[in-house]
Amino acid sequence: MSMWGRTLQFLPKQHQREGLLPWVIGVMLFLCTLALASGLALGKGIERWSAGLSTNLTVQIVVEDEARRAKQTEDALTLLRATPGITSAYVQAEADVLELLSPWLGDVPFDAGLPLPTLIDVSLSSPDAVHIDGLKERLAAAAPGAQLDDHQEWMSQVLHLASAVQLVLAGIVVMVVLSTVAIVIFGCRAGLATHRESIEIMHLMGAEDAMISKAFDERYMAHGLKGGLVGVLLAAGTLYLINYLAGEMGQGLITATIPDNANLSWLALLPLFSALITMITARITVRRALAQMM
Amino acid sequence: MITFENVGMRYGMGAEVLRDVSFSLDRGSFHFLVGPSGAGKTTLLKLLYLAHRPSRGLINFFGRDLMTMEREALPRMRRRIGVVFQDFRLFEHMSAFENVALPLRIQGAKKAQVADHVEELLCWVGLEDRMHARPATLSGGEKQRVAIARAIINKPDLLVADEPTGNVDPEMSRRLMHLFVALNKEGTTTVVATHDEGLVQSIGAPILKLSKGDLEHVPGGTPIDPGA
């Protein structure tokens, strides 16, 4: 803004030492954005897994004798299909079970004679539609070889891990924001030292602290905005690239935690956040320093 | 208008650079401040243009006690004081016009009003052709005239000049003193610190003479050049 704008800009256009500040802020915002995006995407991934698994149960019929296994499977299916809250229950084909085991057993021929359990895939109308313990008891009575797995043990381990990762990412975001604030404080102090004589002249001409600090606020807000734009653009490019590569991999545990491009519109707000943080930091730093002067 | 009573000043834990300094400046008076280097002239001037508070003593500015004046009241008080420095202290990235306009801008004057006053004043100091020049392209005398114009644009009650002729040739010194005397005749209380004895004698104004922190009052003599 010119000298005739709302802010009385008495500082020269750009001091050499301040030239790097927007780039440093940009790097910080880049790291911050990646950490934020990963944390939020992980949260969404956990939600998706939980939603998928909490309405799904698996019943295994582990009986060696084939005839008894077929009988218990039939009894279990009858019980499950008659239970309110269960929308479907069907036996997984042996070929599908072999495919599930192929990462551990390799390509096993269909007629290899392996003692495979019968798997019944059960879908619930809602996560709380069935009382699991009651169902377990009724299943045990109807088909003693049946084992009900509601995936809770596995899910709770994954959720604990995901929460720990989210906590680490939140810590990274906080550290990056605090580092940015520290960098701005150092930059401001250097700026105050550089322009000390000009500030003294302004004071002697009757300028109030608010008037002087406004010139710094404006300058640092511009640095924050510029740095924020650089950082967010770099981060957006990186996330787009990761998404593209993840798309090539297909769906799975890892790809579920990759940020979705469609949900990244909030990134546009980060440069404004960066501008606000740098402006507030500059204002507090400069006002405190000015208050020490006569 | 301004009174110093038994004012003492020391920086940190050092020795006193001013000791029991007492004097008063009446409205519209003209004083020279003289003394050898290290006598405390700059410190006394800093007290006069409110860059420091004294370590002890009483200073009354326009009816208010400086020792008890809250910091928030200083800007308003400073707007009544114009300061001219030996090294000009102009903003190098601003034109002569913008430098002179600053005090008015600080007071929130309107753009048109600022333009009128600044142009008029720059013409008065003989810089009508150099209004939009940056300080780097001005001579020492021109810079000092810009600095004087900046100091008086607000029509201050008190004008303080620290060695205003120190960086200019004798002819320019004489012309600058013409400006100070003319301003004083319009009612501005003026204090000029100088080493130039010829200049002091040419005006014949009362002298505040500092020596190792002690102040001596010397009454005004007969001006050598009353027209100055």
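Computed from a predicted structure; not experimentally measured.

K.L.:
Is there a simple way to explain the overall build of chain A in this structure?
P.N.:
Within chain A, the secondary structure is distributed over 8 helices and 4 strands. The helix and strand sequence of chain A, counted from the amino end, reads α-β-α-β-α-β-α-β-α-α-α-α. Considering only intrachain contacts with a sequence separation of at least 6, the fraction spanning at least 24 residues in chain A is 85%.

K.L.:
Help me out: how do you make sense of the packing of helix α1 (residues 21-54) of chain A against helix α8 (residues 270-292) of chain A in this one?
P.N.:
In helix packing, the relevant descriptors are the interaxial angle and the interaxial distance, both defined with respect to the helix axes. Residue and element names in this part refer to chain A. Across the interface, α1 lies against α8 with an axial gap of 11 Å and an inter-helix angle of 130°. With respect to each other, α1 and α8 are oriented oblique. Relative to α8, the crossing made by α1 is right-handed. Taking contact as the criterion, the partners of Ile25, Leu29 and Thr33 in α1 are, on α8, Leu270, Ser274 and Thr278. Tallied by class, residues from the contact of α1 with α8 come to 3 nonpolar, 3 polar and no charged.

K.L.:
What is the right way to look at the domain arrangement of chain A in this model?
P.N.:
Buried accessible area, meaning the area lost when the parts come together, often serves as the stated size of an interface. You can read the domains of chain A as domain 1 (16-50 + 155-292) and domain 2 (63-144). Placing the centre of domain 1 of chain A and that of domain 2 of chain A at their C-alpha centroids yields a distance of 51 Å.

K.L.:
I tried to follow the pairing of strand β1 (residues 56-61) of chain A on my own but got confused; where do I start?
P.N.:
Each regular strand displays side chains that alternate between the two surfaces of the sheet. Residue and element names in this part refer to chain A. Of the two faces of β1, only the one carrying Leu57, Val59 and Ile61 is buried; Asn56, Thr58 and Gln60 on the other face are not. Pairing geometry for β1 and strand β3 (residues 118-124), over 6 bridges, is antiparallel. Counted as the bridge partner of Val59 is Ile120 from β3. Alignment of β1 against strand β4 (residues 146-149), held across 4 bridges, turns out to be antiparallel. The partner of Val59 across the bridge, within β4, is Leu148.

K.L.:
What is the right way to read the sheet that holds strand β9 (residues 207-211) of chain B from this model?
P.N.:
In any sheet, the strands associate via hydrogen bonds between backbone groups, in a parallel or an antiparallel arrangement. Residues and elements named next belong to chain B. Strand order across the open sheet formed by 6 strands is β6-β7-β8-β3-β9-β10, with mixed pairing between neighbours. With one partner strand each, in any of the chains shown, β6 (81-84) and β10 (214-218) form the two edges of the open sheet. Adjacent strand axes in the sheet meet at a mean angle of 20° when their direction is disregarded. Bridge analysis of β9 against β10 gives 5 bridges, and the strand direction is antiparallel. Of the residues in β10, the one forming a bridge with Ser211 is Asp214. Sheet strands in contact with helix α1 (residues 41-48) are β3 (30-34), β7 (158-162), β8 (189-193) and β9, and its direction is about 155° off that of β7. Sheet strands in contact with helix α5 (residues 140-152) are β6 and β7, and its direction is about 170° off that of β6.

K.L.:
What am I meant to see in the environment of Val192(B) here?
P.N.:
All names here are of chain B. Secondary-structure assignment places Val192 in strand β8. Exposure remark for Val192: the 28 C-beta atoms within 10 Å place this residue in the buried category. Along the sequence, Val192 and Lys212 sit 20 residues apart, while their C-alpha atoms lie 19 Å from each other. Excluding anything up to four places from it in sequence, Val192 contacts Phe32, Leu33, Ala161, Pro164 and Phe180.

K.L.:
What's the story with the domain arrangement of chain B in this structure? I'm lost.
P.N.:
Residues and elements named next belong to chain B. Each assigned domain of chain B is listed with its residue range as follows: domain 1 (1-80 + 156-221) and domain 2 (89-155). Taking only C-alpha atoms, the centre of domain 1 and the centre of domain 2 are 23 Å apart. Listed by partner, the interface residues are 10 residues for domain 1 and 10 residues for domain 2. Here the element with the most residues in the side of domain 1 that touches domain 2 is helix α6 (residues 170-185); it accounts for 4 residues. For the side of domain 1 that touches domain 2, the per-class residue count stands at 8 nonpolar, 1 polar and 1 charged.

K.L.:
I would appreciate a short explanation of unusual backbone geometry in the present structure.
P.N.:
A negative phi angle is the norm for most residues apart from glycine, just as the trans form is the norm for most peptide bonds. Residue and element names in this part refer to chain B. The phi angle at Asn6 is positive, at roughly 50°, despite the residue not being glycine. Tracing the sequence through the fold places Asn6 in strand β1 (residues 2-10). Positive phi values are uncommon outside glycine, yet Lys212 reaches one of about 50°. Along the chain, the position of Lys212 falls in the loop between β9 and β10.

K.L.:
Any chance you could explain the interface of chain A and chain B here in plain terms?
P.N.:
Taken together, the contacts link 16 residues of chain A with 18 residues of chain B. When residues of the side of chain A that touches chain B are assigned to their parent elements, the largest contribution, 4 residues, is made by helix α6 (residues 196-204) of chain A. Looking at the side of chain A that touches chain B residue by residue, the class counts come to 11 nonpolar, 2 polar and 3 charged.

Rules and cut-offs
Residues numbered from 1 in each chain as written. Chains lettered and ligands numbered in written order. Predicted model: local features only at pLDDT ≥ 70, side-chain atom pairs only at ≥ 80, totals over all residues. Helix = DSSP H or I, 4+ residues; strand = E, 2+ residues; numbered from the N terminus. Contact = placed C-beta atoms within 7 Å. Axes fitted to C-alpha atoms, helices over the stretch in contact; angles between N-to-C directions. Parallel < 35°, antiparallel > 145°, perpendicular 65-115°, else oblique. Left-handed = near helix turned anticlockwise from the far one by under 90°. Nonpolar A, V, L, I, M, F, W, Y, C, P; charged D, E, K, R; others polar. Domains from an automatic or database assignment. Buried ≥ 20, exposed ≤ 12 C-beta atoms within 10 Å, placed from the backbone. Pairing = 2+ DSSP bridges.

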